[in-house]
Amino acid sequence: MNAIAERYADAGVGSLFVYTNEAHPGENYPHHTSMEQKLRHAAALRDVLGVSRPILVDSLDGACHRAYGSMPNMTWIFNQAGTPIYKSDWSDSHSVENAVQYYLQVLDRRRNRERMAPFHVERLDYRVQDQEQFYAGLERSGPKAVTEFRDAFG
Amino acid sequence: MTADLLTRYNYDEFVPAKFEPWMRFDQSPPLATRAPDFSLWTLDGAETSLSAVWSANSYTIVEFGSFT
């Protein structure tokens, strides 16, 4: 997702990461009890995980996250008017880049005076399941996060 | 902001009874309608908003997430 942000920034595509609640609280990154702690965790996203996009932090009660469905790792794309034009309940860079390329083509077609009207489409996309990377993330949070995930999903 | 909401949203352990109630993508805003705007904070604690970001770009990709 960082690479997509860099690739399309000059085309007028902004990217940001909104830090939410901790999906898998562990000893190192426990559940949030204060905004100060949440801001510290968010800074570690940049420093530890290497998130290079702008990171914005939701309120402690997750007002923004909850209003958008509170999935642990979802992605939305908005147009300049604030209308959501893409939403996915999980984040996958291939799916996001595919959508960005399509919407940039729409801009070009409009510049070429092509008359277009929006319509709805449903699509089932496929994301990479990298178990090794996922468990590395759990371990980074702490042994408690690993144990609880195994207990929940085997 | 109630203490109960803060505790439930910031659940302290990953067990279905605590995380499943928050998986509500089916209740999220529909596409093609004006999206709700919210305050958000930069890493140094300055307040901004979702609309401040989306209004500055032709398109804006917003990924929600945490460490895991």
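Right, let's walk through the structure included here. (Residues numbered from 1 in each chain as written. Chains lettered and ligands numbered in written order. Predicted model: local features only at pLDDT ≥ 70, side-chain atom pairs only at ≥ 80, totals over all residues.)

**A look at the pairing of strand E3 (residues 75-79) of chain A**
Residue and element names in this part refer to chain A.
Point 1. Judged by how many residues are buried, E3 sits mostly within the fold: 5 of 5 residues are covered.
Point 2. On E3, burial covers both faces: Thr75, Ile77 and Asn79 on one face and Trp76 and Phe78 on the other are all buried.
Point 3. The sheet contact formed by E3 and strand E4 (residues 84-88) spans 4 bridges and is antiparallel. Pairing of Thr75 across the sheet is with Ser88, part of E4.
Point 4. From the end of E3 to the start of E4, which pair antiparallel, there are 4 residues, and Gly82 there has a positive phi angle of about 85°. (Buried ≥ 20, exposed ≤ 12 C-beta atoms within 10 Å, placed from the backbone. Helix = DSSP H or I, 4+ residues; strand = E, 2+ residues; numbered from the N terminus. Pairing = 2+ DSSP bridges.)

**A short note on the environment of Ala44 of chain A**
Residue and element names in this part refer to chain A.
Point 1. Looking at the element boundaries, Ala44 is found in helix H2 (residues 35-47).
Point 2. Here Ala44 falls in the partly exposed class, since 15 other C-beta atoms lie within 10 Å of it.
Point 3. The spatial distance from the C-alpha of Ala44 to the C-alpha of Arg111 is 41 Å, given a sequence separation of 67 residues.

**A short note on helix H4 (residues 93-111) of chain A**
Point 1. With 19 residues, H4 of chain A ought to run about 27 Å at 1.5 Å a step, and its terminal C-alpha atoms sit 27 Å apart, in line with that.
Point 2. Restricting attention to buried positions, one finds in H4 of chain A the residues Val96, Ala99 and Val100 of chain A. Summarising the axial view, the buried residues of H4 of chain A lie within an arc of 100°, below the 170-degree limit, and thus occupy one face. Facing away from the buried side of H4 of chain A, by more than 90 degrees, are the exposed residues His94, Gln101, Tyr102, Gln105, Asp108 and Arg109 of chain A.
Point 3. On its buried face, H4 of chain A sits against helix H1 (2-8), strand E1 (13-19), E3 and E4 of chain A together with strand E3 (59-65) of chain B.
Point 4. Taken from the residues just after H4 of chain A, Arg113 of chain A is the one with a positive phi, measuring 65°. (Expected span 1.5 Å × (residues − 1). Arc of directions from axis to C-beta. Contact = placed C-beta atoms within 7 Å.)

**Some details on the packing of helix H5 (residues 131-141) of chain A against helix H6 (residues 143-153) of chain A**
All names here are of chain A.
Point 1. Look at H5 against H6: their axes get within 5 Å of each other, and the N-to-C directions meet at 130°. Of the possible angle classes, the one that applies to H5 and H6 is oblique. Contact residues: Tyr135, Leu138, Glu139 and Ser141 in H5; Ala145, Val146 and Phe149 in H6.
Point 2. By residue class, the composition of the contact of H5 with H6 is 5 nonpolar, 1 polar and 1 charged. (Axes fitted to C-alpha atoms, helices over the stretch in contact; angles between N-to-C directions. Parallel < 35°, antiparallel > 145°, perpendicular 65-115°, else oblique. Nonpolar A, V, L, I, M, F, W, Y, C, P; charged D, E, K, R; others polar.)

**So, H5 of chain A**
Residues and elements named next belong to chain A.
Point 1. Along H5, the residues classified as buried are Gly137, Leu138 and Ser141. Projected down its long axis, H5 shows its buried positions confined to an angular sector of 100°, all on one face. Among the exposed residues of H5, those oriented more than 90 degrees off its buried face are Glu132, Gln133 and Ala136.
Point 2. Close packing links the buried residues of H5 with H6.

**Focus: the interface of chain B and chain A**
Point 1. The interface is formed by 51 residues belonging to chain B together with 71 residues belonging to chain A.
Point 2. For the side of chain B that touches chain A, the elements supplying multiple residues, two or more each, are helix H1 (3-9), strand E1 (39-41), helix H3 (50-54) and E3 of chain B.
Point 3. The greatest single-element share of the side of chain B that touches chain A, amounting to 7 residues, is contributed by E3 of chain B.
Point 4. Here the residues of the side of chain B that touches chain A sort into 29 nonpolar, 16 polar and 6 charged.
Point 5. One ladder, built from 7 bridges, connects E1 of chain A with E3 of chain B; its direction is parallel. By the bridge assignment for E3 of chain B, Gly14 of chain A is matched with Thr60 of chain B.

**Overview of the environment of Ser88 of chain A**
Residue and element names in this part refer to chain A.
Point 1. Inspection of the secondary structure assignment puts Ser88 in strand E4.
Point 2. By the C-beta count within 10 Å, which is 20 here, Ser88 ends up buried.
Point 3. Other than its neighbours up to four places away in sequence, Ser88 contacts Met74, Thr75, Ser95 and Asp125.

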